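Observations on the model geometry
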Amino acid sequence: MNKILKRSFVLFAIIFAFSAGILLYYFSLAVNGGDWATYPANKHIYSNGILTKAGQITDRNGTVLAETKDEKRVYNKNADIRKATVHAVGDLNGFVATGMHSAYLKELCGFDPINGVYNVSGEGNNIELTLDSSVSVTAYKALGSRAGTVGVYNYKTGEIICMVSTPTFDPASGDTPSGKGVYVNRLLSGVYAPGSIFKLVTALSAMENLSNVENMQFSCRQGVTIAGEWLSCLGNHGKIGLDGALVHSCNAFFAQTALELGRKRLTATAEKVGFNKTLEMDGIKCAESKYVVSKSNDIDFGWSGIGQHNDLVNPFQYLTFMGGIANEGKSITPYVVKKITTSGGSTVKKASKSTNRLMDEEQAKALTEMMRNNVKKNYGDWRFSGLEVCGKTGTAEVGDKSTPHSWFVGFCNNPDTPYAFTVIVENAGAGNGAATAIASTVLKQTRKISFD
Ligand SMILES: [Zn+2]
């Protein structure tokens, strides 16, 4: 009797352990199943560690960017298209973390926790991107041999048209170039000193907080003394108000405006438009824009109000900020994954529009008018042939000896081309030069895009 009891206890223990094991197995499959199934040791979808079985990746016009043919993963035949879209499509080694081949690998392989690796059809899912490959190629060629990024998105729908990052590489060549950050998607993962593009944040904060903003004036004598130290300006602007100060990008005006606002209020505005938080694009985490002045002294705080000191900007965050100004204060979150479908055509996932109010309609309209003025009076409206471009340039100092980075951010205030953009060109000099020229080339192409 005792023996039987003992045996049944052992049996019970075995059954218990077995059930628990199965439960644990199912639990970990539900949690990590996608990772396990897409782990490079899984021969069903990988061959020699290279992804072979997965669905198609297409751009907004149905141009195939990557697909599986005869058990092989192949890219578009055009090398310029491959290089211009690799930071969105990804490489087969998974080095480009923001590419679909990495960030959306489970979806691409059609992983299903019940059926195993593949969905019912036995093939992967297809991913339709919002990108326009020909606009992307234009941006890639315009950047040329320089490092930088061009981001363009439809601020009414959220669709990203162009997400080009240079230096780039050809994912079909099989090479694994090292150095220069070729795998980095500079739009999502880069951060740069903003220079004068930050004056838009200071201007917005002034409109939010200072009741006399319309009549407010400060003096510029080729700069201004703050707490006994000199903060220089490129011009000698005399007494100047907000509108003129933005057109002439007067450092003295915006540094004094920052001091008038104080650290707390300027930080609050910066955070409202996306600083000091991790933004996401389709669940892919972006690098954080930073505005931290709580411990800065007055002269450093003054410099921070004009985008110097320790300010850092992620180009994607600025893209959403520009979209917010363009769309009357409401920023539609940009996305690149338009639709995921099974090979049979049923929808797995569809992009949904999410909106974030960054500022009041009145403030957005005032900034739009000022940014339109910048282009008309300073950067040259002729460059943008009727696109009604509103913008702000920036020149980001990067140490004493290097040539500064060149920024141009803004949008078209035009229902036919509702696009916001950020352009940064590394070590290319003043923003009103390299970056405005690239924006002009790329934006002219957006006329050809059809959208819903
Ligand atoms: Zn000035």
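The paragraphs below set out a description of the structure included in this document.

The rules behind each value
- Residues numbered from 1 in each chain as written.
- Predicted model: local features only at pLDDT ≥ 70, side-chain atom pairs only at ≥ 80, totals over all residues.
- Helix = DSSP H or I, 4+ residues; strand = E, 2+ residues; numbered from the N terminus.
- Buried ≥ 20, exposed ≤ 12 C-beta atoms within 10 Å, placed from the backbone.
- Contact = placed C-beta atoms within 7 Å.
- Pairing = 2+ DSSP bridges.
- Axes fitted to C-alpha atoms, helices over the stretch in contact; angles between N-to-C directions.

What follows concerns the overall build of the protein chain. Summing up its helical and strand segments, the protein chain has 14 helices and 21 strands in all. For the protein chain, buried positions account for 50% of its 452 residues. Partitioning the contacts of the protein chain with sequence separation of at least 6, the portion at a separation of at least 24 is 64%.

What follows covers the environment of Glu229. In this fold, Glu229 is placed in strand S11 (residues 229-232). It is 9.3 Å that separates the C-alpha atoms of Glu229 and Asp298, two residues lying 69 residues apart in sequence.

Across the sheet, which stays open at both edges, the five strands sit in the order S8-S7-S21-S20-S19 with antiparallel pairing between neighbours. A strand with exactly one partner marks an edge of an open sheet, and here the two such strands are strand S8 (160-166) and strand S19 (389-396). Sheet twist, expressed as the average angle between the axes of neighbouring strands with direction ignored, equals 5°. Set on the sheet, helix H14 (residues 434-445) makes contact with strand S7 (148-154), S8, S19, strand S20 (405-412) and strand S21 (419-425); between it and S21 the angle comes to about 140°.

Let us look at the sheet that holds strand S17 (residues 347-350). Read from one edge of the open sheet, six strands run S5-S4-S3-S6-S16-S17, paired in mixed fashion. A single partner strand is all that each edge strand has here, and the edge strands are strand S5 (72-75) and S17. Inspection of the sheet shows strand S3 (residues 57-58) paired to strand S6 (residues 126-129) by two bridges, in the parallel sense. Following the sheet pairing, Ile57 is matched in S6 by Ile127. Across the sheet, helix H2 (residues 79-89) touches S3, strand S4 (64-69), S5 and S6, and the angle it forms with S4 is around 75°.

Pairing analysis gives two bridges linking S3 to S4, with the strands arranged antiparallel. Among the inter-strand pairings, Ile57 is bridged to a residue of S4, identified as Ala66. Here S3 hands over to S4 after five residues, with Gly62 in that stretch at a positive phi of 85°. Taken together, the four bridges between S4 and S5 define a ladder with antiparallel strand orientation. Following the sheet pairing, Ala66 is matched in S5 by Tyr75.

A few words now on helix H9 (residues 251-261). Across the eleven residues of H9, nine count as buried, placing the element largely inside the fold. Along H9, the residues that are buried comprise Asn251, Ala252, Phe253, Phe254, Ala255, Gln256, Thr257, Ala258 and Leu261. In the stretch just after H9, Gly262 is the one whose phi turns positive, near 90°.

Relative to the helices and strands, His237 is located in the loop between S11 and strand S12 (238-241). Using a count of 21 C-beta atoms within 10 Å as the deciding quantity, one classes His237 as buried. Separated by 14 residues in the primary sequence, His237 and Gly223 place their C-alpha atoms 8.7 Å from one another. Setting aside residues no more than four positions away along its own chain, His237 makes contact with Cys220, His248, Cys250 and Ala252.

The next point concerns the environment of Gly148. Along the polypeptide, Gly148 turns up in strand S7. Gly148 sits in the buried class, given 29 other C-beta atoms within 10 Å. Residues Gly148 and Asn185, spaced 37 residues apart in sequence, show a C-alpha to C-alpha distance of 9.5 Å. Among residues more than four places away in sequence, those in contact with Gly148 are Leu143, Thr166, Arg186, Ile424, Val425 and Glu426.

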